[in-house]
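Below are the chains, spelled out letter by letter.
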Amino acid sequence: MPIFYNDEERQAWTLAEALAEQAEESMREAQAALETWKTGKEMNRLRCLRKGISESDAEIRWSASSNAKNALTNNGFYVGLATMYYGAASAHYSRALYLRSLGGRPMAA
């Protein structure tokens, strides 16, 4: 736990930490969506292979499926959300550092 010099600095730091946690959760969701896409693609490839369908046709079929489109959409959404949260966290960390640079005496923990 860092030592704070004023309440505004403490609030900015606390908010930045919360936003960074939200960003990490969004990245976990994005990663899960990507794994869903990869798993589905492989399962579709194997299914098509058993039916005698070429790999290129299997890939075309997978990319046109609603499951593939949903997984990619979810991945893009959560990556965008994480980017937004990381940017906001960065701004609040910067604010906390600015408030610290103003000086003063450390507050009691």
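Conventions used here
Residues numbered from 1 in each chain as written. Predicted model: local features only at pLDDT ≥ 70, side-chain atom pairs only at ≥ 80, totals over all residues. Heavy atoms only, no water. Patch = residues over 30% accessible without salt bridge, like charges linked within 9 Å, V, L, I, M, F, W, Y side chains within 5 Å. Areas by Shrake-Rupley, 256 points an atom, 1.4 Å probe, with all protein chains shown as cover. Salt bridge = Lys/Arg side-chain N within 4 Å of Asp/Glu carboxyl O. Helix = DSSP H or I, 4+ residues; strand = E, 2+ residues; numbered from the N terminus. Buried < 20%, exposed > 50% of the residue type's maximum accessible area, 1.4 Å probe, protein only. pLDDT = per-residue confidence, 0-100. Axes fitted to C-alpha atoms, helices over the stretch in contact; angles between N-to-C directions. Parallel < 35°, antiparallel > 145°, perpendicular 65-115°, else oblique. Left-handed = near helix turned anticlockwise from the far one by under 90°. Contact = heavy atoms within 4.5 Å. Nonpolar A, V, L, I, M, F, W, Y, C, P; charged D, E, K, R; others polar.

Q: Please explain a nonpolar patch on the surface as it appears in this structure.
A: Together, Met27, Val79 and Tyr86 give the surface a local cluster of nonpolar side chains, amounting to about 230 Å² of exposed area. Here Met27 is to be found in helix α1 (residues 7-51). What makes Met27 partly exposed here is its relative accessible area of 35%.

Q: I'm lost on the confidence of the model for the protein in this one. Help?
A: Parts of the prediction with low pLDDT should not have their coordinates interpreted in detail. Per-chain confidence: the protein averages 92 in pLDDT, with 94% of residues scoring 70 or above. Here helix α2 (residues 55-64) is the element of the protein with the lowest mean pLDDT, 92, and α1 is the one with the highest, 96.

Q: For this particular structure, what's the right way to read the pattern of salt bridges?
A: Close approach of charged atoms allows side chains of opposite charge to pair. A complete count under the given rule lists six salt bridges for this structure. Here Arg95 ties to Glu8 by a salt bridge, and the two come within 3.0 Å at their closest N and O atoms. One end of the pair, Arg95, is in helix α3 (residues 66-101); the other, Glu8, is in helix α1, and 87 residues separate them in sequence. According to the relative accessible area criterion, Glu8 is partly exposed, its value standing at 44%. Notably, a salt bridge pairs Lys41 with Glu59, separated by 3.8 Å at the nearest N-O pair. Remark: Glu59 occurs in helix α2 and Lys41 occurs in helix α1; sequence separation between them is 18 residues. Note on Lys41: relative accessible area 28%, which makes it partly exposed.

Q: Is there a simple way to explain the packing of α1 against α2 in this structure?
A: Angle between the axes and distance between the axes: these two values describe a pair of packed helices. Relative orientation of the contacting elements α1 and α2 amounts to 135°, with a least axis distance of 9 Å. Judged by the angle between their axes, α1 and α2 are oblique. The hand of the α1/α2 crossing is right-handed. Along the contact surface, α1 presents Trp37, Gly40, Lys41, Asn44, Arg45 and Cys48, while α2 presents Glu55, Ala58, Glu59, Arg61 and Trp62. Classifying every residue of the contact of α1 with α2 gives four nonpolar, two polar and five charged.

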